[in-house]
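Chain residues, written in single-letter form:
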Amino acid sequence: MASLLSNTIPHFSPKPIKDSPKLNKPFSFQIKPIFFKPSKLNLFKIRADVGFESKTAKTVPGNSEVTGTSSTSSDDKIREILRNRDYNVKFGFNMDIDSFTIPKGLSKETIRLISSLKEEPDWMLDFRLNAFERFLKMKEPKWSDNEHPTIDFQDICYYSAPKKKPTVNSLEEADPELIKYFDRLGIPLTERNRLANVAVDAVLDSVSIATTHRKTLEKAGVIFCSISEAIKEYPDLVRKYLGRVVPSEDNYYSALNSAVFSDGSFCYIPKDTKCPMQISTYFRINAMETGQFERTLIVADDRSFVEYLEGCTAPSYDKNQLHAAVVELYCAEGAEIKYSTVQNWYAGDEQGKGGIYNFVTKRGLCAGDRSKISWTQVETGSAITWKYPSVVLEGDDTVGEFYSVALTNNYQQADTGTKMIHKGKNTRSRIISKGISVGHSRNCYRGLVQVQSKADNARNSSQCDSMLIGDTAAANTYPYIQVKNPTARVEHEASTSKIGEDQLFYFQQRGIDYEKAMAAMISGFCRDVFNELPDEFGSEVNQLMSLKLEGSVG
């Protein structure tokens, strides 16, 4: 497949913010109190799909990037330790599934066909077509540090589904190979083997295969199902909230997703309800030339609580594939949503060939007073990652949190971060971001903290730390801070460190081998984020970061 996309938020400022002036250029703010903006840099770019010839890189004033040239045997050993050695065995396989796949190409006919296959109502087709009209008028954003060839959207298949899949209430009609497939991935779906305390929605390519524990959740009044089922069974709810947090016109890729999204998860927690178990979605790409365009919508009504877990994997194909998703979180008065992600898409081989292009728009809206949204993510996969999980703090006394670890190796590229938009009074936000760069990879943190004029007594604390391993990795940090209210207090700190031979030698002199020394240093570096992850993700994080730790992470 031809290489794929670019990013999600063209102006790095959410559309719903009426208090902000319209921006004509990315990352350009008309503010004075606190404002940091990096100068334009003429640096080499690293691409995830081509070879990279090491060149001497000079330090450029005004930028926090650190690069190098020489490669030593020590660096090679470090890269080997951090390499996801078991990925091909555990997740890199594919399965020959009897599937229906529509022809490649993107047009109104494609969108009508997708809507027809999903048996959607007329209002949903209109939503898609309107989004497609907006997409055609937009241009692909180019401001990110990431680089990739121009995407041919006509060379992508936008819908693929198994011919024999389960019904809503039964797995008996499913192809047994599908059940075995997810069992092999560690996601049991059958009644006997499924996870007891986590409800799972399993999505393969363009469709949801099964959702576990639906009846148990329904007894508590919680709705958890695929978004396709929700459109049919709960149309009023979906129509009320779909596109409310992330409008289709928000950015280039939200418009694309709104036009062609296939499946994803929908969850509604009624008033005064704590979801009786964690809910989870596992996304799997199987077909080689099919992109995945899921849509996730979570609505927490007044004084409710839910914890959502997200995982993903893909086969080790040598061609790039596209994953362009939209996630919307809506919090009413006194509600709380905790959203955790372990992103493990295929990252390409050691030469940067293949891998997923992961371009996602994730945003939460704290609409009601005293509501709270927390994003926690561990990013280890994807050839290119481009996303900014964000929170709009609209109600008074609302709280937004962002905890992130992003590990890049070989020729991976990551341009990720968050946005905290303070609109209500007494709002609080916290950002902790840890970036680890290995090999020839580039890891970029890009964050926006915006305090609007009516956000009295807003508070923000941001901590952005980067770790370089080896002499050819790179790390950039771009903090954007906009304050329009004199009562606000915004704190930002950043650091860049490097693991060197002397530190490793110190451990080895005390009888601690090379790999355990690496594990100890990285575990300590990431502790603040790992402590926020649910227990269910602890062992998976160990595996993903290829660290042989005893006990729990952190």
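Residues numbered from 1 in each chain as written. Predicted model: local features only at pLDDT ≥ 70, side-chain atom pairs only at ≥ 80, totals over all residues. Heavy atoms only, no water.

UniProt lists a comment for the protein under the heading Sequence similarities (unreviewed entry), and it reads "Belongs to the iron-sulfur cluster assembly SufBD family." (UniProt positions renumbered as here; feature names shortened; annotations may be inferred.)

Asks: Got a minute to help me understand the packing of aromatic side chains in this structure?
Replies: The geometry of an aromatic ring pair is captured by two quantities: the separation of the ring centres and the angle between the planes. On inspection of all chains with the given rule, the structure shows 15 aromatic pairs. Relative to phenylalanine 359, the ring of tyrosine 253 lies with its centre 6.1 Å away and its plane at 20 degrees, an arrangement referred to as stacked. On the criterion of sequence distance, the pair formed by tyrosine 253 in helix H9 (residues 252-260) and phenylalanine 359 in strand E12 (residues 355-366) is long-range, its members being 106 residues apart. Comparing tyrosine 253 with phenylalanine 359, the two get one shared label, buried. Three or more aromatic residues link up through ring pairs in this structure, and these residues are Phe132, Phe135, Trp143, Phe153, Tyr252, Tyr253, Tyr357, Phe359, Trp386 and Tyr388. The cationic tip of arginine 128 hangs over the ring face of phenylalanine 261; the distance from NZ or CZ to the ring centre is 4.3 Å. Between arginine 510 and the ring centre of tyrosine 506, over which it is positioned, the NZ or CZ distance is 3.8 Å. (Phe/Tyr/Trp six-rings, centres within 6.5 Å; stacked < 30°, edge-to-face > 60°. Helix = DSSP H or I, 4+ residues; strand = E, 2+ residues; numbered from the N terminus. Buried < 20%, exposed > 50% of the residue type's maximum accessible area, 1.4 Å probe, protein only. Lys NZ or Arg CZ within 6 Å of the ring centre and 35° of its normal.)

Asks: When you look at the sheet that holds strand E3 (residues 198-204) in this model, what are you seeing that I'm missing?
Replies: What links the strands of a sheet is backbone hydrogen bonding, and the strands pair in either a parallel or an antiparallel sense. Here 10 strands make up an open sheet; going across it, the order is E4-E3-E7-E9-E11-E13-E16-E18-E20-E22 and the pairing mixed. Since the sheet does not close on itself, it has two edges, and those belong to strand E4 (207-211) and strand E22 (489-499), each with one partner. The sheet shows a mean angle of 10 degrees between the axes of neighbouring strands, taken without regard to direction. Bridge count between E3 and strand E7 (residues 278-284): 7 bridges; the pairing is parallel. Counted as the bridge partner of aspartate 201 is threonine 281 from E7. Here helix H5 (residues 176-184) sits on the sheet in contact with E3, E4 and E7, set at roughly 115 degrees to E3. Where helix H11 (residues 514-525) meets the sheet, its contacts fall on strand E18 (428-438), strand E20 (459-469) and E22, and the angle it forms with E20 comes to roughly 165 degrees. (Pairing = 2+ DSSP bridges. Axes fitted to C-alpha atoms, helices over the stretch in contact; angles between N-to-C directions. Contact = heavy atoms within 4.5 Å.)

Asks: Would you mind going over H5 with me for this structure?
Replies: Think of an α-helix as 3.6 residues a turn; residues three or four steps apart then line up on the same face. Those residues of H5 lying buried are Leu178, Ile179, Tyr181 and Phe182. Buried residues of H5, viewed axially, fall in a sector of 155 degrees; they line one side. Here the buried face of H5 lies against strand E2 (160-162), E3, E4 and E7. With its phi angle positive at about 85 degrees, glycine 186 sits one or two positions after the end of H5. (Arc of directions from axis to C-beta.)

Asks: For this particular structure, what's the right way to read empty space enclosed by the protein?
Replies: Where empty space is left becomes clear once a probe the size of a water molecule has been rolled over the atoms. The full count for this structure, using the stated rule, is 5 cavities of 30 Å³ or more. Taken as a whole, the largest cavity holds about 110 Å³ of empty space. Surrounding the largest cavity, 19 residues form its lining, Ser433, Lys434, Gly435, Asn443 and Tyr445 being those nearest its centre. For the lining of the largest cavity, the secondary structure elements donating two or more residues are strand E16 (399-408), strand E17 (413-422), E18, strand E19 (442-451), E20 and strand E21 (474-483). The greatest single-element share of the lining of the largest cavity, amounting to 5 residues, is contributed by E18. Broken down by class, the residue content of the lining of the largest cavity amounts to 7 nonpolar, 10 polar and 2 charged. Computed from the structure, the second largest cavity encloses a volume of approximately 80 Å³. Lining of the second largest cavity is provided by 15 residues; of these, Glu294, Glu310, His323, Trp345 and Lys362 occupy positions nearest its centre. (1 Å grid on protein atoms, 1.4 Å probe; cavity = no way out; pocket = protein on both sides within 12 Å on 5 of 7 lines; lining within 4 Å. Points joined across faces, edges and corners; volume = space filled by probe spheres on them. Nonpolar A, V, L, I, M, F, W, Y, C, P; charged D, E, K, R; others polar.)

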